[in-house]
Amino acid sequence: MVLGASSLPLAPGVEVQRLGFGTWAWGNKLLWGYEEAADPALEAAFRLVTDGRPLGDGLLFACPTASRRFFFDTGDSYGTGALEGRAETLLGRFRRESRHPRRAVIGTKLAVYPWRLTGESFEQACRASLGRMGEDKIELVQAHWSAANFQPWQEPALWDGLARCYEAGLADAVGTSNFGPRQLRKANAYWRSRGVPHTANQVQLSLLSTLPLETGLLQECAELGITPIGYSPLALGLLSGSYSPDRLPAGPRGLLFRQILPGLAPLLDCLRAVAAARGKTMSQVAINWSMSQGAVAIVGVRTASQAADNLGALGWALTEAEKDALTEEAKRVPKKATQNIFQTK
């Protein structure tokens with residue numbers, strides 16, 4: 001893996017830009033306030049990335065070249081209540097109706113629900129995901145989390161299930177999410193013994209979540225030939241500069257932000273200074289920092305203007321001095337992002 005490379009491998013013969021897009025908010029009413037009336041805005045965001053569609057007042061985003069592909073991350077649990085699976089349905093439809101469908105590389109994550117106790121059950125879950133997306137095959141199928149922390153007896157079925165998905169031709173490769181270095185090595189050795197390409201590992205990575213650097217996970221990924229995917233590079237929006245203790249988002253995010261924002265001012269000031277010096281937005285700087293760690297950074301996207309701003313994180317790089325300044329300031333933040341409860345060692 002080359003840290004400065006503009007693209008990274010995600011499956012055999014498939015390389016993607018170091019910026020990807022997440023669909024966690026698509027169908028999620030509880031945390032993100034999703035409404036079906038927002039679907040056209042979601043599609044406009046998708047098409048801006050893949051097709052270079054017009055963005056307000058005739059402003060055009062340069063259409064990606066045929067070789068420029070972007071990773072879109074989803075999951076079979078995305079969508080609350082009766083809307084579970086909504087993100088997969090929308091993503092599949094958007095790709096089918098795109099002028100350049102292959103510019104969108106899809107990876108879905110299979111939830112490790114306690115009733116999925118056999119390899120066959122995970123294969124069936126993958127087939128259900130493909131059905132929602134209207135696809136016969138996708139580029140990447142991933143374990144949404146490891147069962148090791150709470151139901152370790154389920155882990156063999158999970159590993160077998162993802163291998164079966166690859167062997168049945170449902171995906172080009174398999175991936176993991178929230179696996180630490182120890183569990184990552186075990187899973188990788190198992191899949192390697194079956195000839196299954198294990199190409200990606202998702203983990204929370206941002207200036208407020210540096211655990212992958214502290215545990216050696218990113219180095220482990222490099223040694224195993226696994227591309228790290230860093231989710232929440234903006235820490236749910238905390239690093240965007242859009243919020244303050246007096247201006248909080250609605251819902252559960254507001255409760256979390258209320259705890260973290262009071263101690264975040266020095267880091268936000270540093271982000272703001274770098275952004276001003278480079279002619280970038282604070283979000284673009286925070287995303288670029290995550291990409292500079294050798295990861296594909298995936299950001300949530302709900303509008304075309306948001307997608308356009310995120311795309312501005314590509315095509316340039318923070319200097320070592322800028323990265324160091326941000327990293328050192330982040331170390332002094334008193335309260336960091338909450339870690340995923342499924343994150344393993």
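From a predicted model like this one, the values you see are computed outputs, not experimental measurements. (Residues numbered from 1 in each chain as written. Predicted model: local features only at pLDDT ≥ 70, side-chain atom pairs only at ≥ 80, totals over all residues. Heavy atoms only, no water.)

1. A short note on the sheet that holds strand β6 (residues 70–75)
Consideration 1: With parallel pairing, the eight strands of this closed barrel are ordered in space as β3-β6-β7-β8-β9-β10-β11-β12. In this sheet, adjacent strand axes meet at a mean angle of 30° when their direction is disregarded.
Consideration 2: Where strand β9 (residues 171–177) and strand β10 (residues 198–204) come together, four bridges link them in parallel fashion. Following the sheet pairing, threonine 176 is matched in β10 by asparagine 201.
Consideration 3: Sitting on the sheet, helix α2 (residues 39–51) is in contact with β3 (19–22), β6 and β7 (104–110), with an inclination near 150° to β6. (Pairing = 2+ DSSP bridges. Helix = DSSP H or I, 4+ residues; strand = E, 2+ residues; numbered from the N terminus. Axes fitted to C-alpha atoms, helices over the stretch in contact; angles between N-to-C directions. Contact = heavy atoms within 4.5 Å.)

2. Examining the side chain of asparagine 201
Consideration 1: Its location among the elements puts asparagine 201 in strand β10.
Consideration 2: Among the polar contacts listed, one links the side chain of asparagine 201 to the backbone oxygen of phenylalanine 179, at a separation of 3.1 Å.
Consideration 3: Beyond its immediate chain neighbours, meaning those up to four positions away, asparagine 201 contacts Thr176, Ser177, Asn178, Phe179, Leu184, Leu217, Cys221, Ile226, Thr227, Pro228 and Ile229. (Polar contact = N/O pair within 3.5 Å; in protein donor to acceptor, adjacent residues only side chain to side chain.)

3. Details of the pairing of strand β12 (residues 296–300)
Note on strand geometry: in a regular strand, side chains alternate between the two faces of the sheet.
Consideration 1: Along β12, four of the five residues are buried, which leaves the element largely enclosed by surrounding structure.
Consideration 2: Where β3 lies against β12, four bridges are found, and the strand directions are parallel. Across the sheet, residue leucine 19 finds its bridge partner in β12, namely alanine 297.
Consideration 3: With three bridges joining them, strand β11 (residues 227–231) and β12 adopt parallel strand pairing. Considered in β12, the bridge of tyrosine 231 is made with isoleucine 298. (Buried < 20%, exposed > 50% of the residue type's maximum accessible area, 1.4 Å probe, protein only.)

4. Examining the packing of helix α10 (residues 265–278) against helix α11 (residues 282–291)
Consideration 1: It is at 8 Å that the axes of α10 and α11 come closest, and there the two elements cross at 100°. Relative to α11, the element α10 lies roughly perpendicular. Here Leu268, Leu271, Arg272, Val274 and Ala275 of α10 come into contact with α11, specifically with Met282, Val285 and Ala286.
Consideration 2: For the contact of α10 with α11, a count of residues per class yields seven nonpolar, no polar and one charged. (Parallel < 35°, antiparallel > 145°, perpendicular 65-115°, else oblique. Nonpolar A, V, L, I, M, F, W, Y, C, P; charged D, E, K, R; others polar.)

5. Notes on unusual backbone geometry
Consideration 1: We note that asparagine 178 has phi near 65°; this positive angle belongs to a residue other than glycine.
Consideration 2: Relative to the elements of secondary structure, asparagine 178 occurs in the loop between β9 and α6 (181–193).
Consideration 3: Judged by its relative accessible area of 2%, asparagine 178 is buried.
Consideration 4: Although it is not a glycine, alanine 235 sits at a positive phi angle of roughly 50°.
Consideration 5: Tracing the chain through its elements places alanine 235 in the loop between β11 and α9 (252–260).
Consideration 6: For alanine 235, a relative accessible area of 4% puts it in the buried group.

6. Quick word on the packing of aromatic side chains
We describe a pair of aromatic rings using the distance from one ring centre to the other and the angle between the two ring planes.
Consideration 1: Applying the stated criterion across every chain, the model contains 12 aromatic pairs.
Consideration 2: Considering the side-chain rings of tryptophan 24 and tryptophan 32, the 5.6 Å spacing of their centres and the 80° angle between planes classify their relative orientation as edge-to-face.
Consideration 3: Classification of tryptophan 24 as partly exposed rests on a relative accessible area of 35%.
Consideration 4: Residue tryptophan 32 is classed as buried on the basis of its relative accessible area of 15%. (Phe/Tyr/Trp six-rings, centres within 6.5 Å; stacked < 30°, edge-to-face > 60°.)

7. Observations regarding the packing of helix α5 (residues 155–167) against α6
Consideration 1: Relative to each other, α5 and α6 sit at 50°, their axes nearing to 10 Å. Regarding the angle of α5 to α6, the classification is oblique. Judged by the sense of rotation from one axis to the other, the crossing of α5 with α6 is right-handed. Where α5 abuts α6, its residues Glu155, Trp159, Asp160, Leu162 and Ala163 lie against Gln183, Lys186, Ala187, Tyr190 and Trp191.
Consideration 2: Looking at the contact of α5 with α6 residue by residue, the classes come out as six nonpolar, one polar and three charged. (Left-handed = near helix turned anticlockwise from the far one by under 90°.)

8. Points about the pattern of salt bridges
Consideration 1: Taken as a whole, this structure holds 25 salt bridges when the rule is applied.
Consideration 2: The closest approach of N and O atoms between glutamate 43 and arginine 47, which form a salt bridge, is 3.1 Å. Taken as a pair, glutamate 43 and arginine 47 lie in helix α2 at a separation of four residues, close to a single helical turn. Comparing glutamate 43 with arginine 47 shows no difference in burial state: the two are buried. (Salt bridge = Lys/Arg side-chain N within 4 Å of Asp/Glu carboxyl O.)

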